[in-house]
Amino acid sequence: MNFFSDFQPAWQSLLLEYDPSLIEWTTVCTSQLVGFLVPGLVFFLLDLLQPAWARPWRKPAQFPTHLKLWKMVRCSTKNMLTGWALHGLYLWCAYPRTLFVVDSQLPTWKAAVGQYIGVFLLGEGLFYVFHRMMHENRWLYLKIHSIHHGTGVAPTGMSVWYGHVVDHFVFNGLPLALVTLVPAIVLQAHILVVEALSILALISGVVSHSGYYYRDKTVYDHWAHHENSSKNLGAYAMMDVLFDSYTASR
Ligand SMILES: [Zn+2]
Ligand SMILES: [Zn+2]
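Reading the values: rules and limits
Residues numbered from 1 in each chain as written. Chains lettered and ligands numbered in written order. Predicted model: local features only at pLDDT ≥ 70, side-chain atom pairs only at ≥ 80, totals over all residues. UniProt positions renumbered as here; feature names shortened; annotations may be inferred. Helix = DSSP H or I, 4+ residues; strand = E, 2+ residues; numbered from the N terminus. Contact = placed C-beta atoms within 7 Å. Expected span 1.5 Å × (residues − 1). Buried ≥ 20, exposed ≤ 12 C-beta atoms within 10 Å, placed from the backbone. Axes fitted to C-alpha atoms, helices over the stretch in contact; angles between N-to-C directions. Parallel < 35°, antiparallel > 145°, perpendicular 65-115°, else oblique. Nonpolar A, V, L, I, M, F, W, Y, C, P; charged D, E, K, R; others polar. Core = buried A, V, L, I, M, F, W, Y, C linked by C-beta atoms within 7 Å.

Identification of the chain as Fatty acid hydroxylase domain-containing protein from Aspergillus sclerotioniger CBS 115572 is taken from an unreviewed UniProt entry. Note on the chain: under the UniProt heading Subcellular location (unreviewed entry), the record states "Membrane".

S.K.: Can you explain the environment of Ala189? Please cite residues and give values.
M.R.: Note that Ala189 resides in the loop between helix 7 (178-186) and helix 8 (191-208). Once residues lying within four places of it in the same chain are set aside, the contact partners of Ala189 are Val101, Gln115, Val119, Ala184 and Val194.

S.K.: Outline helix 4 (residues 109-136), supporting the account with residue identities and numerical values.
M.R.: Taking 1.5 Å of rise per residue, the 28 residues of helix 4 would be expected to cover 40 Å, and the 40 Å separating its terminal C-alpha atoms lies within 8% of that figure. Looking only at helix 4, the buried set comprises Gln115, Tyr116, Val119, Gly123, Glu124, Leu126, Phe127, Tyr128, His131 and Met134. Those residues of helix 4 that are buried lie in contact with helix 5 (138-149), helix 6 (165-171), helix 7, helix 8 and helix 10 (238-242).

S.K.: Explain the packing of helix 2 (residues 20-49) against helix 3 (residues 66-94) residue by residue, including any values.
M.R.: Relative orientation and spacing of two packed helices are given, respectively, by the angle between their axes and the distance between those axes. Following both chains from N to C, one finds helix 2 and helix 3 inclined at 180 degrees, their axes separated by 11 Å at the closest point. By the angle between their axes, helix 2 is roughly antiparallel relative to helix 3. Every residue of helix 3 that contacts helix 2 at Ser21, Glu24, Trp25, Val28, Cys29, Gln32, Phe36, Gly40, Phe44, Asp47 and Leu48 is listed here: Leu69, Val73, Ser76, Met80, Trp84, His87, Gly88 and Leu91. Residues of the contact of helix 2 with helix 3, tallied by class, amount to 11 nonpolar, six polar and two charged.

S.K.: Help me get a handle on the UniProt feature "transmembrane region" (unreviewed entry) in the chain, residues and values and all.
M.R.: With numbering aligned to this structure, UniProt lists the feature "transmembrane region" (unreviewed entry) at residues 25-49, 81-100, 112-130 and 174-207. The span residues 112-130 shows a helical share of 100% and a strand share of 0%, and its end C-alpha atoms are spaced 26 Å apart.

S.K.: Please give an account of the nonpolar core that cites residues and values.
M.R.: Core analysis: the biggest nonpolar cluster contains 42 residues, and Met158, Ala184 and Val194 have the highest contact counts within it. Where this core is concerned, the elements lending two or more residues are helix 2, helix 3, helix 4, helix 6, helix 7 and helix 8. A per-element tally of this core places helix 8 first, with nine residues. Here Met158 is in contact with Gly40, Phe43, Phe44, Met72, Val73 and Ser76, once residues within four sequence places are set aside.

See below:
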């Protein structure tokens, strides 16, 4: 049985009609719109309008100033558009080669799950190694990664992409984070599998930088990283538990 077997004919006719390079670029941009920009803008509007019902869900309780909010949104959007432009430039120069597997045959469920888990595990390993390097190398931290940490703890959802453009390309988008792009290329994962993973990772990043929680006891591990940068260096807890850098306390 094919991955999304009902979707196979529609996907095939899309590939007959449009160029794989255009499909790749559009798919990546769409996943960033869905995973980053739309949820980011929802939190941005909450922080801008500060409705009374949203206040009890915010931790820390203070809303960011409008100046800080615009700074985050401007930088994150600039990083996103730079990624789109560079990806487009690559596809244009490398034409007809694409960066991802844009195959008319969708993978089987088994293959799709294998690719998803493989890209996730390898990506998480790379995320941890690069993030730790960004913190342990003084030059890299001061010149690049400290900009993201200068935002404080969870100022607004879109601050997930606030930072140096190099930081953005390593952890967020070129068009995917380098830490996801490399596993996707190495494992030859289908573009739809990679983008499904990417959307979930983006939403999780936006929520964990938003300052909003959905339950009284909710603690996002990344909050603790912004408070104590030697802890919680992975995007998820797995690598931190393995290398003894995990903390659940805030
Ligand atoms: Zn962060
Ligand atoms: Zn960090």
